[in-house]
Amino acid sequence: MMKTRLKIRPDGQWLGLDIYDDLPISVVISQDDITEIGGGSYQYSKTFTIPGTKHNNEVFKGFYSVVGIDFDPLTKVECVVEVGGNIIFEGFLRLNAVIFTDDYIEYEVYILTSVSDFSSEIQGVLLSDLDYQDLDHENVYDNITTSWGYTGGTSGLFNGQILYPFYNYGLIYDSNDNPSFTFGLSGDSAFTGATNSVPEEYFKPSIQLKSVIDRIFSATSYSYESQFFNSDYFKSIYMSTANNGQIGVSREDEDTENRNKFKVYAGGPLGYVYDPNDKRKPLVFSTLNPDGYDPLNSFTLDNDYPGSSPDDYQNYFNVPTSGDYYFNVRFRYLNQTGQNYPAYFRVKAYKSTSPNNIDNGTLFYQTPGSGFAALGSAQEANIFFSGGSLGSNEYVSLYVEFIDTAGFPNNGLRILGPNGQGNAWWDLYTAPSLLGTTNVNMKLQMPDISAEEFIQAMIKMFNLTIEKDEVDKVLRIEPWNTYYNETGRTQTDWTQKIDTSSSIRVEPLDFDLSKDVRWTYTTAGDQVLGKYYEDNFNNIFGNKLFRSSSNILTGEQELTLPFCPFPTNTITGSEYVIMGRTYQLDDNGLQKPVSSEPHIFFWVGNRFMYENKGGSGESSWYLSSGGTQVEWNTYPAVNHLSRLENIQGTDFSDLNFRPYWDFFASSNDRINQYSAYSLYNSFWQEYIESIYSLESRRLKGRFYIEPKDIGDINLSDKIYVKDNFWRIENIEDADLVNPSLVEISLIKDITGFYDKQPPAPVYSITPNQSYPSPSPNTLNWYFENLLGAYSINITDPEYQLIQVSTSTTLVNTTSTGSGSVSFYSGDIRMILSFTYQNNAGSINNLQITFGTSSGDDSYGILQIPQPGDNAYYELDITEYLPASGNVYGTISTY
């Protein structure tokens, strides 16, 4: 039998510990109670004792400070349990007690592995306690509209972390209760008029859910791995902030700090080689670490080493407002040879109205005299200089320039951090005051939600599983269907391991389950649309109730989110423009902001300001930019739906737990609002159906488990026992020293789980994009019924062609025929449907096809071997058409 070894690594080297061969090290490996919906997995060892041998005494004295009865109970040391050189269990060894028996010592210890300290690290931490300094900015036109350019990756504002959504959370009124603007295409105060432009200060930022997740983890010693958190779907979801019951963002009572400042650092030592054809090189600043700042986001940091790419000159300060500026740059310098033969150089500051090749602009400072002499040993440079009067349209950058009229320039130059620490830095210490009247301090905007509550909300929304790795301090987080994805699971046969001589218990799960499970947003309170829904339907918009068919279950389990629902409606004068309405109506019927829990929504992207639901009737609105009113053809849309188009339900997602009728449908029936990817359908349905199935079973028995088996176990494994597959619920007291019979609980796999990828938004329209010119392409359409005498079997036929990008219906007919329509290059949704009846005797092998010619199925096909009487059939596909062409919709046999 292979020997079990217990090893620890207290100081980077592995040390073996003496253990009792006949005393077990037993572990628990478990998925949270399957009936407690929304849990995680964990594993840990029970306490066990190891002998007080001379070797162990030295180890525990050195690393746990064991002296007599005293020891350090807070110390934990990385450890592993090995069998035959293979690691079967790993974690941290903790000393629980020192046991004295006469003159003999024993140590009671346990291994902590996946019982995570993560929760304790975020306990009591509010979202407003996290660090958002890198997101502080001004809510001015440029930042607001830049955020609307987010399409993924590094686009948008702060790489998409901040978005300025546009919806009606209340209006701005004068002393006579007249609004400065209204959300509508008609009326005296409509924002379609330049005099009724929307001011910049009206907009409130929202924050990407992923950004919040990242900041929570940054506040701990943990990291995470998650395909889901890094998906385009998750990155497109935002949470509203500044839910303060007032117009504009939240501000400090006395915001007197000048925001017009920066401090930037070089990313490491800078090396410069003398080139007589290129004596001047950028002094490169590439990071805010360790204590830098740039609250106005006015400094463009470089991202590479000097001389390594053409964008070395993209490293500059963009002057935010005109006035006098004073700078300080500090560093150490020496030559690259280590010899005391000086290489002379100067520091130069240039300004330009263009950010490209600033050193071709105006020189406004250079090191006086003969410059600096870089010798073999480092010297300090502390330079204060004035930029004089700089304009808001100017860019400033620093350079080092070799002087080759004296000394030894070929010795080169190295730039290091001042005082022998860090790296070179440059700061702006005196500048015209920007006191933050438009400053957005994101700390002040965050809702009163704890980090722990936020993480729990993510678990409830997306049915997340969490695997915890204490050694590397990593949480692996994925939705249930991803973790148990059928195609990636390992199958293991345990039929020969089960002890048939012991009792084997098979029981249903029903008795431990609630009759009802409810997923719900928090109440909308007085918010106009949400309140209407709750008052008239006795239901919170967006929720989902699952009710078991069992007549013996009782009780309800509720999973409540700390977010308000986000119903939407069209605006006055338009059937196409859709926005949220989260204001309350006061006693005088005025639309006033209301303090509330935050909302969550998809960033849908930019949509045109059409008047008509079919995507016609061009309109616009006005947005203030300082004292200028800018006309906009598009508006930035957010919604609980990921796309607002006439597309199939499988092509978009919904942040409601089930598909809901929304208010905009009263005016716009062209947009499909019923997604196949609601939160419940995407993340919960298979899980719930599996545990509430009449076939669901729990198997409890004793299995013969060897120590090496423990290292191979994964909670997602498919365990084959007695003609069925099962998944692990709990392994109790598995012995890491000796093979033994172990109590194990398994849950029957009813059907396989398959990873789902809910569709993310599609961003095809840029901010303020011009309206499309008249459709350049011609679509020749044909609707055919080739059934001959059996055509009488087809009733209520309907043929539709829809331009997806504008939700425009190009063709909608119930009669066979043909015609031509104009269309834009892009996705065309094609729908052909009918009801089958046995009017002329039954026929088999019916089919519907879409293609480029009669009967062609190159775009799609639906075959119906044995159509049912009075059954409805539909072929619904979306095809990209780049240019003019034909579309045949054909009903025939095969």
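Our structure is the block above this text.
Residues numbered from 1 in each chain as written. Predicted model: local features only at pLDDT ≥ 70, side-chain atom pairs only at ≥ 80, totals over all residues. Heavy atoms only, no water.

1. Remarks on the pairing of strand E6 (residues 76-83)
1) Next: Within E6, seven of the eight residues are buried, which leaves it mostly tucked inside the rest of the structure.
2) Next: Sheet analysis places strand E1 (residues 4-9) next to E6, joined by six bridges and oriented antiparallel. Each residue of the ladder has a partner; that of leucine 6, found in E6, is valine 81.
3) Next: Bridge count between E6 and strand E7 (residues 86-101): eight bridges; the pairing is antiparallel. The residue bridging glutamate 82 from the neighbouring strand is isoleucine 87, located in E7. (Buried < 20%, exposed > 50% of the residue type's maximum accessible area, 1.4 Å probe, protein only. Helix = DSSP H or I, 4+ residues; strand = E, 2+ residues; numbered from the N terminus. Pairing = 2+ DSSP bridges.)

2. Here we look at helix H10 (residues 679-692)
1) Next: Here H10 spans 18 Å end to end across 14 residues, near enough to the 20 Å set by a 1.5 Å rise per residue.
2) Next: When the local axis directions of H10 are compared, the greatest deviation, roughly 55 degrees, occurs at glutamine 685.
3) Next: Most of H10 sits out of view: 11 of its 14 residues are buried.
4) Next: Within H10 the residues assigned to the buried category are Leu679, Tyr680, Asn681, Ser682, Phe683, Trp684, Tyr687, Ile688, Ser690, Ile691 and Tyr692. (Expected span 1.5 Å × (residues − 1). Bend = angle between axes of the 7 residues up to and from the residue.)

3. Concerning helix H7 (residues 451-462)
1) Next: With 12 residues, H7 should reach 16 Å at 1.5 Å per residue; the first-to-last C-alpha distance of 17 Å fits that figure.
2) Next: What H7 keeps buried is the set Ala451, Phe454, Ile455, Ala457, Met458, Ile459, Met461 and Phe462.
3) Next: A positive phi of about 50 degrees marks asparagine 463, the residue just after H7.

4. As for the packing of helix H4 (residues 209-218) against H7
1) Next: Between H4 and H7, the shortest axis-to-axis distance is 11 Å and the interhelical angle comes to 130 degrees. In this view, H4 runs oblique relative to H7, as classed from their interaxial angle. Considering only the axes of H4 and H7, their crossing is left-handed. On H7, the residues that touch Leu209, Val212, Ile213 and Ile216 of H4 are Ala451, Phe454, Ile455 and Met458.
2) Next: By residue class, the composition of the contact of H4 with H7 is eight nonpolar, no polar and no charged. (Axes fitted to C-alpha atoms, helices over the stretch in contact; angles between N-to-C directions. Parallel < 35°, antiparallel > 145°, perpendicular 65-115°, else oblique. Left-handed = near helix turned anticlockwise from the far one by under 90°. Contact = heavy atoms within 4.5 Å. Nonpolar A, V, L, I, M, F, W, Y, C, P; charged D, E, K, R; others polar.)

5. A look at the pattern of salt bridges
Where charged atoms of side chains with opposite charge meet at close range, the side chains can pair.
1) Next: The tally for this structure, following the rule as stated, stands at 30 salt bridges.
2) Next: The salt bridge involving aspartate 134 is made with arginine 215; its shortest N-O contact spans 2.9 Å. Pair noted here: aspartate 134 is in the loop between helix H2 (118-122) and strand E9 (137-138) and arginine 215 is in helix H4, with a separation of 81 residues, a long-range link.
3) Next: The class of aspartate 134 is partly exposed, set by a relative accessible area of 41%.
4) Next: Salt bridges sharing partners connect three or more residues here, namely Glu486, Arg489, Lys718, Arg727 and Asp749. (Salt bridge = Lys/Arg side-chain N within 4 Å of Asp/Glu carboxyl O.)

6. Side note on a nonpolar patch on the surface
1) Next: A cluster of nonpolar side chains, Tyr326, Phe384 and Tyr429, forms an exposed patch at the surface whose accessible area comes to about 310 Å².
2) Next: Mapped onto the secondary structure, tyrosine 326 falls in strand E19 (residues 323-334). (Patch = residues over 30% accessible without salt bridge, like charges linked within 9 Å, V, L, I, M, F, W, Y side chains within 5 Å. Areas by Shrake-Rupley, 256 points an atom, 1.4 Å probe, with all protein chains shown as cover.)

7. So, the side chain of serine 740
1) Next: Tracing the chain through its elements places serine 740 in strand E48 (residues 740-748).
2) Next: A relative accessible area of 17% places serine 740 in the buried class.
3) Next: Ignoring anything within four residues of it in the chain, the contact list for serine 740 reads Phe703, Tyr704, Ile705 and Asp735.

8. Some thoughts on the nonpolar core
1) Next: One finds Leu127, Phe191, Phe454, Met458, Phe462, Phe563 and Trp621 to be the most contacted residues of the largest nonpolar core, which totals 159 residues.
2) Next: Every residue in contact with phenylalanine 563, bar those within four places of it in the chain, is listed here: Met239, Ile449, Phe454, Ala457, Met458, Met461, Tyr521, Thr522, Glu597, Pro598 and Ile600.
3) Next: If you look at the next biggest cluster of nonpolar residues, it comprises 38 residues, including Phe317, Phe327, Val347 and Phe364. (Core = buried A, V, L, I, M, F, W, Y, C linked by side-chain atoms within 4.5 Å.)

9. As for the sheet that holds strand E34 (residues 556-560)
1) Next: What the three strands build is an open sheet, ordered E33-E32-E34; its pairing is mixed. At either margin of the open sheet sits one strand with a lone partner, and together these are strand E33 (544-547) and E34. Neighbour-to-neighbour, the strand axes of this sheet turn through a mean angle of 10 degrees, independent of strand direction.
2) Next: Across five bridges, strand E32 (residues 516-520) lies against E34 in parallel orientation. Bridge pairing in E34 places threonine 520 opposite threonine 560.

10. A word on the packing of aromatic side chains
1) Next: A complete count under the given rule lists 89 aromatic pairs for this structure.
2) Next: Ring geometry for phenylalanine 262 against phenylalanine 317: centres 4.9 Å apart, planes inclined by 45 degrees, an arrangement best described as tilted. Note that phenylalanine 262 is positioned in strand E14 (residues 262-265) and phenylalanine 317 in strand E18 (residues 316-318), a separation of 55 residues in sequence. When sorted by exposure, phenylalanine 262 lands in the same class as phenylalanine 317, which is buried.
3) Next: An angle of 70 degrees between the planes, with centres 5.3 Å apart, marks the rings of tyrosine 341 and phenylalanine 408 as edge-to-face. Placement of tyrosine 341 in the loop between E19 and strand E20 (343-352) and of phenylalanine 408 in the loop between strand E24 (395-403) and strand E25 (413-416) is noted, with a sequence separation of 67 residues between them.
4) Next: Under the relative-accessibility criterion, tyrosine 341 is labelled partly exposed at 43%.
5) Next: The structure contains a cluster of three or more aromatic residues connected by ring pairs, namely Tyr141, Trp148, Phe166, Tyr169, Phe181, Phe183, Phe191, Tyr202, Phe203, Trp621 and Trp632. (Phe/Tyr/Trp six-rings, centres within 6.5 Å; stacked < 30°, edge-to-face > 60°.)

11. Some details on the sheet that holds strand E29 (residues 474-479)
1) Next: A sheet is described by the order of its strands in space; here three strands give the open sequence E12-E29-E28, paired in mixed fashion. A strand with exactly one partner marks an edge of an open sheet, and here the two such strands are strand E12 (223-225) and strand E28 (464-469). Here the average twist between neighbouring strands, direction ignored, is 25 degrees.

12. Points about the side chain of histidine 640
1) Next: Tracing the sequence through the fold places histidine 640 in the loop between strand E44 (634-639) and H10.
2) Next: A relative accessible area of 1% places histidine 640 in the buried class.
3) Next: Side-chain polar atoms of histidine 640 contact the side chain of aspartate 662, separated by 2.9 Å.
4) Next: The residues contacting histidine 640, other than those within four sequence positions of it, are Phe541, Phe566, Phe602, Ser653, Asp654, Leu655, Asn656 and Asp662. (Polar contact = N/O pair within 3.5 Å; in protein donor to acceptor, adjacent residues only side chain to side chain.)

13. Considering the pairing of E19
1) Next: Most of E19 sits inside the fold, with 10 of its 12 residues counted as buried.
2) Next: In this sheet, strand E23 (residues 379-390) lies alongside E19 in antiparallel orientation, the contact comprising 11 bridges. Bridging across to E23, arginine 332 finds its partner in glutamate 380.
3) Next: Examined bridge by bridge, E19 and strand E26 (residues 425-430) share five bridges and lie antiparallel to one another. By the bridge assignment for E26, phenylalanine 327 is matched with leucine 428.
4) Next: As defined by bridge partners, E19 adjoins E25 across three bridges and the pair is classed as antiparallel. Following the sheet pairing, tyrosine 333 is matched in E25 by isoleucine 415.

Geometric descriptors of this kind do not, in isolation, establish any biological role.
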